[in-house]
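Here is what each chain is made of, one letter per residue.
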Amino acid sequence: MTIKNFPRRIRALSVFTAPDGGWSGYLARPGDVLDITPRMYEQTISTDGVSWLDLTPEQQIETLGEQRFEVVEETS
């Protein structure tokens, strides 16, 4: 799988289970800044090939009912 650009760092705006590169994930809390690795990004890709990390703020609200995170830094 070739990974395109993805959010490298995100800031949590609500509580959610964040990917951790393993199987279980961990609890992210508002204000937490998370460094996203390629492996962590891969874990967020659903069966339809879309990652929740690629959702815009508007899409997060529409899909998840709230904006869960904001992108702090993108990969290049």
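It should be emphasised that the depicted structure is a prediction, and the values quoted were computed from it without experimental measurement.

### Digging into the packing of aromatic side chains
Then comes step 1: Overall, the coordinates contain three aromatic pairs when judged by the stated rule.
Then comes step 2: A centroid spacing of 5.6 Å and a plane angle of 65° characterise the contact between Trp52 and Phe69, whose relative ring orientation is edge-to-face. Here Trp52, found in the loop between helix H1 (38-43) and helix H2 (57-64), pairs with Phe69, found in strand E5 (residues 69-74); they are 17 residues apart in sequence, far enough to count as distant.
Then comes step 3: Since its relative accessible area comes to 23%, Trp52 is described here as partly exposed.

### Considering the pattern of salt bridges
Then comes step 1: Considering all chains together, one arrives at four salt bridges under this definition.
Then comes step 2: For Asp35, the salt bridge identified is with Arg9, shortest N-O distance 2.7 Å. Remark: Arg9 occurs in strand E1 (residues 7-12) and Asp35 occurs in strand E4 (residues 33-35); sequence separation between them is 26 residues.
Then comes step 3: Between Arg11 and Glu70 there is a salt bridge, with the nearest N and O atoms lying 2.6 Å from each other. Note that Arg11 is positioned in strand E1 and Glu70 in strand E5, a separation of 59 residues in sequence.
Then comes step 4: Residue Arg11 is classed as partly exposed on the basis of its relative accessible area of 30%.

About the cut-offs
- Residues numbered from 1 in each chain as written.
- Predicted model: local features only at pLDDT ≥ 70, side-chain atom pairs only at ≥ 80, totals over all residues.
- Heavy atoms only, no water.
- Phe/Tyr/Trp six-rings, centres within 6.5 Å; stacked < 30°, edge-to-face > 60°.
- Helix = DSSP H or I, 4+ residues; strand = E, 2+ residues; numbered from the N terminus.
- Buried < 20%, exposed > 50% of the residue type's maximum accessible area, 1.4 Å probe, protein only.
- Salt bridge = Lys/Arg side-chain N within 4 Å of Asp/Glu carboxyl O.

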